[in-house]
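Listed below, chain by chain, are the residues.
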Amino acid sequence: MAQTYEEMDAIAMLKADHRKVEELFEKFEQTNGKATKQKLAEQICLELKVHTAIEEEIFYPACRGKIEDDLVNEAYVEHDSAKLLINEIEAGGPDEEFYDAKVKVLSEMIEHHVEEEEKRSEGMFSQARSAGLDMDKLADDMRARKATAMEEFQAGKPAETRTLAGDDVESAKADQPLGEGAVER
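What you see is a predicted model; the values in this text were computed from it and never measured.

Caption draft 1: Just the overall build of the protein, in detail. Scanning the protein for helices and strands turns up seven helices and zero strands. Scanning the protein from its N terminus toward the C terminus, one meets helices and strands in the order α-α-α-α-α-α-α. In terms of overall dimensions, the protein has C-alpha extents of about 50 × 45 × 30 Å along its principal axes. Counting only residues that meet the buried cut, the protein has 49% of its 185 residues in that class. Accessible area of the protein: about 9,700 Å², with a carbon and sulfur share of 49%. Averaged over its 24 positive side-chain charges, the protein has a centre that lies 2 Å from the centre of its 45 negative ones.

What follows is the structure, given as structure tokens:
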């Protein structure tokens, strides 16, 4: 019998989020109606903003120093690239000329990012599990943050980057939470 979200450890939760977003992208690709496309794109953006929050505020800080630093650094930069497109998609609509293209490119970016996290032996998740991180404690923290992040992003909070020019890049290097609602570590 499949585990419920409440029973999953941290990696199982993150993988479940990945599968959910993949399904939403697939539905978007198969849809022609503008209203449905916009609704799906908005759901994709919301799910990704919440997912990046729990990874950046809980999972990645736990990984820092225990897995390859390059993997963590690349994950932050990949998130920031996706966040730029997320904010563009949310600011636009299906009548815009490049709307579908932006969603497609976001899908491709996320596909690459997921592949790097889920690689069997050298991926982030594999390295984190091998490092002996407490996946149950991380899952509890992630579930708590996911609830508050969902509220924040449903209220219209935009995705915030961490690694681009003008950002507080120290927050990514030190793996510190951004803004309100972050779980105390």
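Caption draft 2: The arrangement of the nonpolar core in detail. Counting residues in each nonpolar core, the largest one holds 25 residues, and the members touching the most others are Phe59, Met124, Met135, Leu138 and Met142. Counting only elements with at least two residues in this core, the list comes to α1 (10-30), α2 (34-63), α3 (69-91), α5 (124-130) and α6 (135-154). Residue contributions to this core peak at six residues, all from α2. Formed by 18 residues, the second largest nonpolar core is a distinct cluster that contains Leu24, Leu48, Leu85 and Leu106.

Caption draft 3: Spotlight on the packing of aromatic side chains. This structure, assessed with the given rule, holds four aromatic pairs. Considering the side-chain rings of Phe59 and Phe125, the 5.6 Å spacing of their centres and the 90° angle between planes classify their relative orientation as edge-to-face. On the criterion of sequence distance, the pair formed by Phe59 in helix α2 and Phe125 in helix α5 is long-range, its members being 66 residues apart. Here Phe125 falls in the buried class, since its relative accessible area comes to 3%. Linked through ring pairs, Phe59, Tyr60, Tyr76 and Phe125 together constitute an aromatic cluster.

Caption draft 4: Examining the packing of α1 against helix α4 (residues 99-118) more closely. Where α1 contacts α4, the two axes come as close as 11 Å, and the packing angle between them is 155°. Between α1 and α4, the interaxial angle falls into the category roughly antiparallel. Handedness of the α1/α4 crossing: left-handed. Across the interface between the two elements, Lys15, His18, Arg19, Glu22, Phe25, Phe28 and Glu29 from α1 touch Tyr99, Asp100, Val103, Lys104, Leu106, Ser107, Ile110, Val114, Glu117 and Glu118 from α4. Grouping the amino acids of the contact of α1 with α4 by side-chain chemistry returns seven nonpolar, two polar and eight charged.

The rules behind each value
Residues numbered from 1 in each chain as written. Predicted model: local features only at pLDDT ≥ 70, side-chain atom pairs only at ≥ 80, totals over all residues. Heavy atoms only, no water. Helix = DSSP H or I, 4+ residues; strand = E, 2+ residues; numbered from the N terminus. Buried < 20%, exposed > 50% of the residue type's maximum accessible area, 1.4 Å probe, protein only. Areas by Shrake-Rupley, 256 points an atom, 1.4 Å probe, with all protein chains shown as cover. Lys, Arg positive; Asp, Glu negative; His and termini not counted. Charge placed at Lys NZ, Arg CZ, Asp CG, Glu CD. Core = buried A, V, L, I, M, F, W, Y, C linked by side-chain atoms within 4.5 Å. Phe/Tyr/Trp six-rings, centres within 6.5 Å; stacked < 30°, edge-to-face > 60°. Axes fitted to C-alpha atoms, helices over the stretch in contact; angles between N-to-C directions. Parallel < 35°, antiparallel > 145°, perpendicular 65-115°, else oblique. Left-handed = near helix turned anticlockwise from the far one by under 90°. Contact = heavy atoms within 4.5 Å. Nonpolar A, V, L, I, M, F, W, Y, C, P; charged D, E, K, R; others polar.

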